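Spelled out from the first residue to the last, the chains are:
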Amino acid sequence: MFKKGITVLLLSFLTAFCPAQQVRPSRSSEIYRELKTLKHLPKVLYLAAHPDDENTGLLSWLVNNQNLETGYLSLTRGDGGQNLLGTEQGAALGLIRTHELLEARKLDGAQQFFTRAIDFGFSKNTTDTFKQWDENSITADVVWVIRKFRPEVIICRFPPTAAAGHGQHAASAVVAEKAFKLAGDKNAFPDQLKYVNVWQPKRLLWNTFRFGSVNTTAENQLKVTVGQYDPQLGMGYGELAGLSRSLHKSQGAGTQSVAGIKTEYFSHVAGEPAKTTLFDGLVTTWTSKGNADIDQSLDKIISAFNFNNPDRSLPALLALRKKVMALKDAELKKDKIKSLDQIILSCAGFMGEAVTNQSEAVAGDRYNFKLNLISRAENPVVVENVKWLNQSESLNRKLAKDSLITIQHDIQIPADAALTEPYWLARPAVDAATFSVPNDTLVGLPEAESPLNVLLDLRIGAEKFQVKLPLSFKKLDPVRGDVVEALRIVPALELKFTQPLYLVKENEDLHLSLNIKVNSSKTFGNGKLNLMYNGERLGGAEVSSLNGKDMTVDCIIPKARLTSIPSNRLQLDADFVADGITYNKKQVLIQYPHLPSLQYFAPATVAVMKGDIRTTVKKIGYIQGAGDFIPEFLRIAGIQVEVLKDEDFYGNIDAAGGSQNKLSQYDAIVLGIRANNTEKKLGRWMPFLWAYVKAGGNLVMQYNTNQDATVSQLGMYKFNIANKRVTEENAAVTFLNPNHKLLNFPNKITADDFKGWVQERGAYFPDQWDAAYEPLFEMHDTGEEPLQGSTLYAKYGKGNFIYTPLAFFRQLPAGNAGAARLFLNFLSAQKN
């Protein structure tokens, strides 16, 4: 019993990982569901603001119980969120969360869409949100998705009111209602009509909820029972939803798989009200559409479907394909033929892949590929033609049942092949809240299709099919087994600074190093490395022939060049010119076990903090929290950082019989962000940390939340963490005690040190605290009450305790010198 359940889950995971690089058959249970979905015409679009906002239980029910094509439109990719896995923020985090959503959709079966909106961080209402987002632009994107996907029912996760709990949540409801009313209007966004037709959904509803103490459900709302057990899945839809939602690993969104039915509630927003079901008044069947013969054919195919021999359905499916091809409704025909062709290939047990053993390739270079093909059907699949990018080969080869054929072929990557990266990151963003998309028809897509494919012309019976096989990389991993991923196109040369950030003091030369990575087999001549600031060359180096080998180049920018730049933060741009070609890209490669390898390219730049940035500490202990750049920053600042382990707290018995631990050697100990949420040993470490402070130590604690907290009391004196935050990164900061030592040593902190912050001042400020604490600052968002919980200081015994939910984890990677000066002051408290 248990082994069978484990097998089902493992199969679900394996088929969910990287299948886009191969054409693979669905399992029989999936084919059966796809057949039932083909019989139902309505579509449903669920809409919210972020990855993990969606109601996965409802999506699972719509797809697997109601057998409806269902999509989730997330306005953003979650770029402004937090990362529990690593240090990625911004665009890199958005890329991670995009693919976490795609992995979730592979489990629950829904489709995934996005707009061009960038998640710029928490906002408190729609007014704040639309100061950042262009409401008309985002509405146009939603209209485009509606016209392209053509849903009859749209469901919002949130209302347009404060009950949404987040300005972007509420904004998603605002644009949903506007788009609902405009999608059927030919005068709205007429440029879209070159590619799609107008489409008017039947109704728009709000999926009301109970979130904590907020209950927006009511017994007079439309009620739907979900969560039923599905024997083909071996679980209920609530259990499937838990697995799907738990794939949002970067957000720590692990969710229980809850068995049993539950009630979902819906409130009418616009369109024709629903009285008994979500689908009242819809054309739901082919018969209602005037195509009873298609309904009858599908009924017979579904009734006769053989789970052990799905290929027995092929003759009937091929006959059905002719009927669908004869439809006069071009959009419906295009939509259903795509689904039907996938079903036919799955019933034929067809698998195809075009793979090489190289994970990366360079435009213009040549690589050996294997084309692996197999069919498991009695009714033969014939490969009529193979097109290797731009070279066609007539094959006319029957695939014998269950016999793999392999064809090797050298393929030259086109000289003009684009670098492999997400389409929304290929160009600089329009602004801080909107991605730039190179082609309007890409809007809505989670990712663009691979432009590099082997094309197969297949024949099954009398019907012909064209199949795309993306050029892929395949390897055998000793732990994960076969790994198949997209072949990544990279530049011939890449540049990357050896540090993510540099610090340089006044009147000092700046020493930098860059790695030049050679990806191409070609030989490069002599080159010139340039370091630029605002288009002006500050320094660089002459580089002799690379000879196919990577190289590290050291450079110096003289202090005289630096002192002429007034800013205390500068961004240096690097480029390398060789053989008349300029190279200026660095690869950002993201690899986590639950995702395929992800890549994009950014300019080869680095931030430099310049000026009077002082520290007196030499050695600190660090307790790791969630993904955090701060230990690396501290090492760059010349501080020895040791990550604390369990044994560091208990130590050894000394000669006198007493216990000694390592903590006393540290000038300060720092707790990483959300350490109380991620480090489960913290409960037994806290008494040692308090003893360390009492004996004269300095403990600096960054922000935590109350979610899944390890200990209830973090400080020696009590304080209460609340969901209080200042989202305006330029909010005025009042110094409550300008003479406080933390604001004067070793760096004199002024209002200038709060200039140039990014995204926010901070989050999860305490709202209550013991009188032993002294707050250092007061700040607030526009129109709100002042908050004093951004930094609390307390003397305890001979030492110091500082709790600071200020967003240092965002400011330091951004190269903000003022934030660096303040944080180093906190570390130096015991030296003063």
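Residues numbered from 1 in each chain as written. Predicted model: local features only at pLDDT ≥ 70, side-chain atom pairs only at ≥ 80, totals over all residues. Heavy atoms only, no water.

## A short note on the overall build of the protein
Here comes step 1: Looking only at helices and strands, the protein features 18 helices and 45 strands.
Here comes step 2: The C-alpha atoms of the protein give 30 Å as radius of gyration, which agrees with the globular expectation for 832 residues (28 Å, within 12%).
Here comes step 3: The C-alpha extent of the protein, read off along each of the three principal axes, is 85 × 75 × 65 Å.
Here comes step 4: Across the 832 residues of the protein, 55% fall into the buried class.
Here comes step 5: Summarising the internal contacts of the protein: among those between residues at least 6 apart in sequence, 73% fall at separations of at least 24.
Here comes step 6: Positive and negative charge centroids in the protein, built from 93 and 87 side chains respectively, lie 3 Å apart. (Helix = DSSP H or I, 4+ residues; strand = E, 2+ residues; numbered from the N terminus. Rg over C-alpha atoms; globule rule 2.2 N^0.38 Å. Buried < 20%, exposed > 50% of the residue type's maximum accessible area, 1.4 Å probe, protein only. Contact = heavy atoms within 4.5 Å. Lys, Arg positive; Asp, Glu negative; His and termini not counted. Charge placed at Lys NZ, Arg CZ, Asp CG, Glu CD.)

## A word on the environment of Gln21
Here comes step 1: Locating Gln21 in the fold gives a position in the loop between α1 (2–16) and α2 (28–39).
Here comes step 2: The sequence separation of Gln21 and Leu487 amounts to 466 residues, and the corresponding C-alpha distance is 9.0 Å.
Here comes step 3: With residues near it in sequence (within four places) discarded, Gln21 still touches Pro470, Leu471, Ser472, Val484, Glu485, Ala486 and Leu487.
Here comes step 4: Here Ser472 takes part through its side chain, which lies 3.0 Å from a polar atom of the side chain of Gln21. (Polar contact = N/O pair within 3.5 Å; in protein donor to acceptor, adjacent residues only side chain to side chain.)

## Re the pattern of salt bridges
Here comes step 1: In this structure the tally under the stated criterion is 41 salt bridges.
Here comes step 2: Put simply, Arg203 and Glu272 hold a salt bridge, and the shortest N to O gap is 3.7 Å. With Arg203 in strand β5 (residues 203–208) and Glu272 in the loop between β11 (262–271) and α9 (292–304), this residue pair connects regions lying 69 residues apart in the sequence.
Here comes step 3: Two residues, Lys464 and Glu384, come together in a salt bridge whose shortest N-O distance is 3.7 Å. With a gap of 80 residues between them, Lys464 in strand β19 (residues 463–477) and Glu384 in strand β15 (residues 381–388) connect regions that are remote in the sequence.
Here comes step 4: A relative accessible area of 52% places Lys464 in the exposed class. (Salt bridge = Lys/Arg side-chain N within 4 Å of Asp/Glu carboxyl O.)

## Details of the sheet that holds β5
Here comes step 1: Spatial ordering of the open sheet is given by β3-β2-β1-β4-β5-β11-β8, a layout of 7 strands whose pairing is mixed. Two strands close off the open sheet at either side, each with one partner strand: β3 (111–114) and β8 (222–226). With direction set aside, neighbouring strand axes in the sheet form an average angle of 30 degrees.
Here comes step 2: With 4 bridges connecting them, strand β4 (residues 153–156) and β5 associate as parallel partners. Counterpart to Val153 in the pairing with β5 is Arg203.
Here comes step 3: Contacting β1 (43–48), β2 (69–74), β3 and β4, helix α6 (residues 135–149) crosses the sheet at an angle of about 160 degrees to β1. (Pairing = 2+ DSSP bridges. Axes fitted to C-alpha atoms, helices over the stretch in contact; angles between N-to-C directions.)

## Re unusual backbone geometry
Here comes step 1: Cis geometry is found at the peptide bond from Phe745 to Pro746, where omega equals -10 degrees.
Here comes step 2: When you line up the elements, Pro746 lands in the loop between β40 (733–735) and β41 (762–769).
Here comes step 3: Despite not being glycine, Asp402 shows a phi value in the positive range, around 60 degrees.
Here comes step 4: Here Asp402 shows up in the loop between β16 (391–399) and β17 (405–412).
Here comes step 5: With phi around 55 degrees, Asp708 is a residue other than glycine that occupies positive phi space.
Here comes step 6: If you trace the backbone, Asp708 turns up in the loop between β38 (698–702) and β39 (719–726).
Here comes step 7: Residue classification places Asp708 among the exposed residues on the basis of a relative accessible area of 52%.

## Some words on the sheet that holds strand β27 (residues 551–557)
Here comes step 1: A sheet is described by the order of its strands in space; here 3 strands give the open sequence β22-β24-β27, paired in antiparallel fashion. Strands with a single pairing partner mark the edges of an open sheet, and in this sheet they are β22 (493–497) and β27. Each neighbouring strand pair of the sheet contributes to a mean axis angle of 25 degrees, computed without reference to strand direction.
Here comes step 2: Pairing of β22 with strand β24 (residues 510–518), which is carried by 5 bridges, proceeds in the antiparallel orientation. Across the sheet, Glu494 pairs through a bridge with Lys517, a residue of β24.

## Focus on the side chain of Ser123
Here comes step 1: Structurally, Ser123 can be placed in the loop between β3 and α5 (126–132).
Here comes step 2: Only 3.3 Å separates the side chain of Ser123 from the backbone nitrogen of Gln168, close enough to count as a polar contact.
Here comes step 3: Non-local contacts of Ser123, meaning those with residues more than four positions away in its chain, are made with Asp128, Thr129, His166, Gly167 and Gln168.

## Here we look at the packing of α2 against helix α11 (residues 330–347)
Packed helices, taken two at a time, are described by their axes: the angle between them and the distance between them.
Here comes step 1: In the contact formed by α2 and α11, the axes pass within 10 Å of each other and the chain directions differ by 155 degrees. By the angle class used here, α2 and α11 are roughly antiparallel. Helix-helix and strand crossings are classified by hand; for α2 and α11 the assignment is left-handed. Together, Ile31, Glu34, Leu35, Thr37 and Leu38 of α2 and Lys336, Ser339, Leu340, Ile343, Ser346 and Cys347 of α11 make up the contact between the two elements.
Here comes step 2: Here the residues of the contact of α2 with α11 sort into 6 nonpolar, 3 polar and 2 charged. (Parallel < 35°, antiparallel > 145°, perpendicular 65-115°, else oblique. Left-handed = near helix turned anticlockwise from the far one by under 90°. Nonpolar A, V, L, I, M, F, W, Y, C, P; charged D, E, K, R; others polar.)

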